[in-house]
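Each chain, written out:
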Amino acid sequence: MTEHPGRKRDREATRARLLECARLRFARDGYDGTSVRDVAGDVGVDAALVFRYFGSKSGLFGEAMATSQEAVVLPDGPVEELPAKLLHQLVFEDWAEYAGEHPLIAMLRSASHEDMRDRVRQQVCEGYLGVLSELAEGNDDKDLRTELFGAWLLGIGILRTAVGTPSLTKATEADLTPHLAAVAKALFGREVPV
């Protein structure tokens, strides 16, 4: 029996829509706060279809958030420009497919899920912090200073988007730029372009 081409397209479209809705749900509500029934309801299908396509909630989560690792890439350019670019990317860029937040911040909502915690740790440690450490002068507590800078940037993103603190929510990129320069100089021991 041959498959009807329209059905295959419909299945692919439904599967893609499930992944899109799951990505938004996991980004906004985290792994524990998202149910298969919620995702299925967002698409207007039965929850059994989610299990047929992905096997389990964990399978859905893995596929939906796999693209977050691809999206979380370091900006191109000289390492000296990285702090300013990360400020823009982590705090001010609109990531609509992740409920408006940078995928890394969205991934943190599911950090209680072991797979996601490992992904976040790998992305942060091997990606961002590994490159940022090249900015730090000297060897004394270089890694600690780099992690403090990363925590400062992530903290701004979390307070601005997840918590919605008033001053950070109203702040523009230009408002934060002098502070970025001061913190970068204090922690890295050198001027960085902002």
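Going by an unreviewed UniProt entry, the chain carries the name TetR/AcrR family transcriptional regulator and comes from Kribbella yunnanensis.

### Digging into the overall build of the chain
The secondary structure content of the chain amounts to 10 helices and 0 strands. Beginning at the N terminus, the succession of helices and strands in the chain can be written as α-α-α-α-α-α-α-α-α-α. Counting only residues that meet the buried cut, the chain has 40% of its 194 residues in that class. When contacts within the chain are restricted to residue pairs at least 6 apart in sequence, those whose partners lie at least 24 apart make up 67%. As presented, the chain carries roughly 10200 Å² of accessible surface, and 52% of it is formed by carbon and sulfur atoms. If you average the places of the 23 positive and of the 31 negative side-chain charges in the chain, the two averages end up 7 Å apart.

### Focus: helix α7 (residues 114–132)
For α7, which comprises 19 residues, the first-to-last C-alpha distance of 25 Å matches the rise-based estimate of 27 Å (1.5 Å per residue) to within 8%. Bending of α7 peaks at approximately 30 degrees at the position of Val-124. Taken together, the buried positions of α7 are occupied by Met-116, Arg-119, Val-120, Gln-123, Val-124, Gly-127, Tyr-128, Leu-129 and Leu-132.

### Examining the side chain of Arg-23
With respect to the helices, strands and loops of the structure, Arg-23 is situated in helix α1 (residues 5–29). Despite its burial, Arg-23 remains without a salt bridge, the nearest opposite charge being carried by Glu-20 at 6.2 Å. From its side chain, Arg-23 meets the backbone oxygen of Ala-64 in a polar contact 3.1 Å long.

### Comments concerning helix α5 (residues 82–92)
For α5, the tally of buried residues reaches 8 of 11 residues, placing the bulk of the element in the interior. Buried residues of α5: Leu-82, Pro-83, Leu-86, Leu-87, Gln-89, Leu-90, Val-91 and Phe-92, and no others. In this structure, the buried side of α5 is in contact with α6 (103–108), α7, α8 (142–163) and α10 (173–188).

### Observations regarding the pattern of salt bridges
The tally for this structure, following the rule as stated, stands at 11 salt bridges. Residue Glu-80 pairs with Arg-190 through a salt bridge whose shortest N-O separation is 3.1 Å. Taken together, the positions of Glu-80 in the loop between α4 (57–71) and α5 and Arg-190 in the segment after α10 put the pair 110 residues apart, joining distant regions of the chain. Here Glu-80 falls in the partly exposed class, since its relative accessible area comes to 28%. Between Lys-185 and Glu-191 there is a salt bridge; the shortest N-O distance is 3.0 Å. In the salt-bridge network here, residues are joined through shared partners; they are Arg-25, Arg-28, Asp-29, Asp-38 and Asp-42.

Definitions and cut-offs
- Residues numbered from 1 in each chain as written.
- Predicted model: local features only at pLDDT ≥ 70, side-chain atom pairs only at ≥ 80, totals over all residues.
- Heavy atoms only, no water.
- Helix = DSSP H or I, 4+ residues; strand = E, 2+ residues; numbered from the N terminus.
- Buried < 20%, exposed > 50% of the residue type's maximum accessible area, 1.4 Å probe, protein only.
- Contact = heavy atoms within 4.5 Å.
- Areas by Shrake-Rupley, 256 points an atom, 1.4 Å probe, with all protein chains shown as cover.
- Lys, Arg positive; Asp, Glu negative; His and termini not counted.
- Charge placed at Lys NZ, Arg CZ, Asp CG, Glu CD.
- Expected span 1.5 Å × (residues − 1).
- Bend = angle between axes of the 7 residues up to and from the residue.
- Salt bridge = Lys/Arg side-chain N within 4 Å of Asp/Glu carboxyl O.
- Polar contact = N/O pair within 3.5 Å; in protein donor to acceptor, adjacent residues only side chain to side chain.

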